[in-house]
Amino acid sequence: MSSLNSYIDHFKKIYVAEEVRHLRRLETALQRLRHLPVIYIDDKGEIPGEDMNSHTLFISGSKGETVGHCPASRGHLCCNYITVDLYLGCILNCSYCIMKSYLNFAPITIYLDTEVAIKRIIEIAENNKDRTIRVGTGEVGDSLLLDPVFRLSEDFIRALSPFANIFLELKTKTHFVDHLLGLENKGNTVIGFSLNPEKLINRYEGIAGTLAERIQAARKSVEHGYLVSFHFDPLFLTGDWQHQYAQTISSLKDIPQDKIAWISLGTMRYTKELKQKMGSQDFLLEEFIPCRDGKYRYLQKTRSGVYRYILKQIRKRWRSPIPVYLCMESQAVWRNVFGRLPHEIAELSAIFKEARGVACASNQGRII
Ligand code: SF4
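Keep in mind that what you see is a predicted model, and the values were worked out from it rather than measured.

So, the pattern of salt bridges
Working step 1: Under the defined criterion, the tally for this structure stands at 16 salt bridges.
Working step 2: Close ionic contact of Asp51 with Lys13 constitutes a salt bridge, the shortest N to O distance being 3.0 Å. Of this pair, Asp51 sits in the loop between β2 (38–41) and β3 (56–60) while Lys13 is found in strand β1 (residues 13–17), placing the two residues 38 residues apart along the sequence.
Working step 3: Put simply, Arg203 and Asp282 hold a salt bridge, and the shortest N to O gap is 3.0 Å.

Structure below.
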């Protein structure tokens, strides 16, 4: 059982930016972390070098633009996902975490002031009333790992739930949903769970929650009125992977299909920098090739086969077509797997339509 306290024990010190000193929720959060020393600073640059690591929490305002576009990859189809930086950095320590390659000397940052980000999302939604806006807080950290302490997701759920075209996704590898269950209006909030077979979680996903914990949390979320999503990303081709993934998908059978907002699939991929940080990992023994975006992936034929297999398991489990999409994949792979591109697939065309006023980071692979 992965408990919140065991995660909190990881931290040694808290730095707080003066600009958020007046926020009421700071006091509540610091109460929950009262065993830790707190130092107030004017600027992040004042954090001494010895504390520039993941054992330090830095509580800040939202300087600059925290709402952006998911960094799509050159040559790969963009799914028009909007990201919000809320919790930057993560202590779960997955072997494959891309942040290992660029966030080594950084504290875990919490953007405590949610107002600017929420306003920006509402503005985007109002300019795109005819489109589905998917927005998530789990791009640069786990959406729920520290949320029971800081309670930032509540602000987003409350403010965004009246908008029928906003799907807010909180993505996690924990089971920390209890603090959100009692909220009155959930709108289209989606609690997203990244999943892998238990064996692979134990091997590659550091101190993240177990598979059973995540599935149980998904059930609870649905029972309390949330939509859920599942992310099989990264998929690994190790040992009896077919059997393991089939079993994992099978264990989701009691989640009703109309409560699943979407399922995403992505195979293991890495940059040169990440490979250096990962050290020796058995999954690296498979054959990987460099792709147009500079990332290394399994061969195109191999990836297509993996996706087709996983898709078949998903279609076996739920009869109506749940939106299933590929994360950062090429047009060729989309065609190999689905025979079509996302805008030609009925259940995907709405979520893949680009929001006006938020430019896609990649011009390559634009689909509208
Ligand atoms: S949960 Fe996500 S952000 Fe955290 S270490 Fe794992 S891959 Fe990185």
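From this point, the narrative continues.
Brief notes about the environment of Arg219
Working step 1: Examined against the element boundaries, Arg219 turns out to sit in helix α8 (residues 211–223).
Working step 2: Judged by relative accessible area, Arg219 falls into the partly exposed class, the value being 26%.
Working step 3: Along the backbone, Arg219 and Thr238 are 19 residues apart, and their C-alpha atoms lie at a distance of 28 Å.
Working step 4: Residues contacting Arg219, with those up to four places away along its chain left out, are Ser251, Asp254 and Ile255.

Focus on the pairing of strand β5 (residues 81–84)
Working step 1: Where burial is concerned, the two faces of β5 agree: the one with Tyr81 and Thr83 and the one with Ile82 and Val84 are both buried.
Working step 2: Sheet analysis places strand β4 (residues 67–69) next to β5, joined by three bridges and oriented antiparallel. Across the sheet, Val67 pairs through a bridge with Val84, a residue of β5.
Working step 3: In terms of strand pairing, β5 meets strand β8 (residues 133–136) through three bridges, oriented parallel. Bridged to Tyr81 within β8 is Arg134.

With respect to the side chain of Ser229
Working step 1: As for its position among the elements, Ser229 is in strand β11 (residues 227–235).
Working step 2: What makes Ser229 buried here is its relative accessible area of 0%.
Working step 3: Here His231 takes part through its side chain, which lies 3.3 Å from a polar atom of the side chain of Ser229.
Working step 4: Once you skip the residues sitting within four places of it in the chain, Ser229 turns out to touch Glu169, Val190, Ile191, Gly192, Phe193 and Trp262.

As for the confidence of the model for the protein chain
Working step 1: Looking at the protein chain, pLDDT values average 92 and 95% of them are 70 or higher.
Working step 2: Below pLDDT 50 for its whole length, residues 361–368 participates in 24 contacts with residues either more than four positions away or in separate chains.

What counts, and at which threshold
Residues numbered from 1 in each chain as written. Predicted model: local features only at pLDDT ≥ 70, side-chain atom pairs only at ≥ 80, totals over all residues. Heavy atoms only, no water. Salt bridge = Lys/Arg side-chain N within 4 Å of Asp/Glu carboxyl O. Helix = DSSP H or I, 4+ residues; strand = E, 2+ residues; numbered from the N terminus. Buried < 20%, exposed > 50% of the residue type's maximum accessible area, 1.4 Å probe, protein only. Contact = heavy atoms within 4.5 Å. Pairing = 2+ DSSP bridges. Polar contact = N/O pair within 3.5 Å; in protein donor to acceptor, adjacent residues only side chain to side chain. pLDDT = per-residue confidence, 0-100.

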